Amino acid sequence: MLNKMISNILPYMPKKLVWQFSKEYIAGETIDDAIIAAKRLNGEGILTTIDVLGEFIKTLDEAETNKHEYLNVIESSVKSRVKGGFSLKPTSFGLLIDPDVCYRHIREIVAKAAEYDNFVRIDMEDSPCTDMEILLYRQLQSEFPKNVGLVVQAYLKRTLDDLKKINDINSSVPLNFRLCKGIYVEPAEIAYKDYEEVNTHYLLDLEYMFKNKMYAGIATHDRRLIDPILKLIDQYKVSKDMYEFQMLYGVTPALRGMLKEQGHRMRVYVPFGQQWFGYSTRRLKENPQMASTIIKAIFIKG
Ligand SMILES: Cc1cc2nc3c(=O)[nH]c(=O)nc-3n(C[C@H](O)[C@H](O)[C@H](O)COP(=O)(O)OP(=O)(O)OC[C@H]3O[C@@H](n4cnc5c(N)ncnc54)[C@H](O)[C@@H]3O)c2cc1C
């Protein structure tokens, strides 16, 4: 109840105050901020995936601007020799306004990344976008098999079937997925709601990926999942170049360090951009349990 109240009033709090919480989870407002954060992580032996904040745009002009922002990020990141790729949300290129325009923008971004032998991950958004984002992946994967990957969400009941269907792609390189639990609020008809149930399906999806020689970006901070995940890696003798762990910027750095020390490849998602305020408050509305963390960050840590 308190969490929900806090998440509702947060958008009306002064931006400066919200930044006190957000700065732990967001690299900053500018490309330079993102590059500095990524290089710092690279220095610890961690790969990155840089994301320009923004989603669910209202006009196609914004899509054009966002494309240029990504092209700049790719150029700057390559120039600065950042070790890592890029993540993007198709709704920030107009997926829900004009899917063809969206496809063309994202194609240009993937082509730019491919020029540098780099990689773009298509984030998975809420369920009205799922089919369109899978289609986008299929289209781009056929042209840039090494340079594009997709996210799948363990909380969606359809995900294992989706993986089985996508596995029909005849690719010269392993298909590349990030597996996450899923962050959006979805109806119970289509999504598992129970924590244990989501975790069970997370492991089933991952097992399917390992069995079918897909590259797995294992995106989780859940300590309780780590042991069974490591057992699966062992069971299927998955080589170190066929999976990686992924975590969000600023989240569970101790767990991140531990896995890294054990010799697993680790990648951190580095979000940055002018739109950090909307991103933080939206995320909070979706996940009000985070409110108590915020209150601690603002009022206890100072
Ligand atoms: C690299 C990466 C990319 C992602 N991309 C997508 C995507 O494309 N689409 C999508 O729907 N979701 C995405 N997510 C979010 C994901 O779906 C989950 O909502 C999120 O990772 C929390 O799930 P969890 O597995 O960490 O487990 P949980 O059980 O939710 O969390 C385990 C613990 O991790 C900590 N924690 C988790 N998240 C946060 C946070 N944001 N802030 C502070 N502490 C936290 C808490 O201590 C929590 O108790 C991504 C996550 C990661 C790591």
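Look up a bit, the structure's there.
Residues numbered from 1 in each chain as written. Predicted model: local features only at pLDDT ≥ 70, side-chain atom pairs only at ≥ 80, totals over all residues. Heavy atoms only, no water.

**Student:** Any chance you could explain helix H5 (residues 99-115) here in plain terms?
**Tutor:** Side chains of residues three or four places apart in an α-helix project in the same direction, reflecting 3.6 residues per turn. Compared with an ideal rise of 1.5 Å per residue, which puts 17 residues at 24 Å, H5 spans 24 Å between its outermost C-alpha atoms and is within 8% of the ideal. Among the residues making up H5, those that are buried are Val101, Cys102, His105, Ile106, Ile109, Val110, Lys112 and Ala113. Down the axis of H5, the buried side of the element spans an arc of 165°, and every buried residue falls inside it. In H5, the exposed positions angled more than 90 degrees off the buried face are occupied by Asp100, Arg104 and Glu115. Contacts made by the buried residues of H5 are with helix H4 (60-79), strand E2 (84-88), strand E3 (120-122), helix H6 (130-143) and strand E4 (148-153). Measuring from the side-chain oxygen of the N-cap residue of H5 to the backbone nitrogen of Asp100 gives 3.1 Å; that N-cap residue is Asp98. One or two residues past the end of H5 sits Asp117, with phi positive at roughly 60°. (Helix = DSSP H or I, 4+ residues; strand = E, 2+ residues; numbered from the N terminus. Expected span 1.5 Å × (residues − 1). Buried < 20%, exposed > 50% of the residue type's maximum accessible area, 1.4 Å probe, protein only. Arc of directions from axis to C-beta. Contact = heavy atoms within 4.5 Å. Polar contact = N/O pair within 3.5 Å; in protein donor to acceptor, adjacent residues only side chain to side chain.)

**Student:** Help me understand the packing of aromatic side chains, please; the structure alone is not making it clear to me.
**Tutor:** Tallying each qualifying case throughout the model produces 5 aromatic pairs. On the basis of an interplanar angle of 55° and a centroid distance of 5.6 Å, the ring pair of Tyr137 and Phe177 is categorised as tilted. Here Tyr137, found in helix H6, pairs with Phe177, found in strand E5 (residues 176-180); they are 40 residues apart in sequence, far enough to count as distant. Each of the two residues, Tyr137 as well as Phe177, counts as buried. (Phe/Tyr/Trp six-rings, centres within 6.5 Å; stacked < 30°, edge-to-face > 60°.)

**Student:** How do you make sense of the site of the ligand when you look at a structure like this?
**Tutor:** The immediate surroundings of the ligand are formed by 22 residues, with Met124, Lys181, Gly182, Thr220 and His221 found nearest. Take Ile183: an N or O atom from its main chain is 3.0 Å from an oxygen atom of the ligand. For the shell around the ligand, the secondary-structure elements that each account for two or more residues are E4, E5 and strand E7 (243-248). Examining the composition of the shell around the ligand, we find that 3 residues originate from one element, E7, more than from any other. (Near = heavy atom within 4 Å.)

**Student:** What is the right way to read the pattern of salt bridges from this model?
**Tutor:** Between side chains of opposite charge, pairing is possible as soon as their charged atoms come close. A complete count under the given rule lists 14 salt bridges for this structure. Across the pair Arg107 and Glu143 runs a salt bridge, and its minimum N-O distance is 2.6 Å. Here Arg107 is found in helix H5, whereas its partner Glu143 is found in helix H6, with 36 residues between them in sequence. Since its relative accessible area comes to 38%, Glu143 is described here as partly exposed. A salt bridge links Asp162 to Arg158; the shortest N-O distance between them is 2.7 Å. For Arg158, a relative accessible area of 28% corresponds to the partly exposed category. (Salt bridge = Lys/Arg side-chain N within 4 Å of Asp/Glu carboxyl O.)

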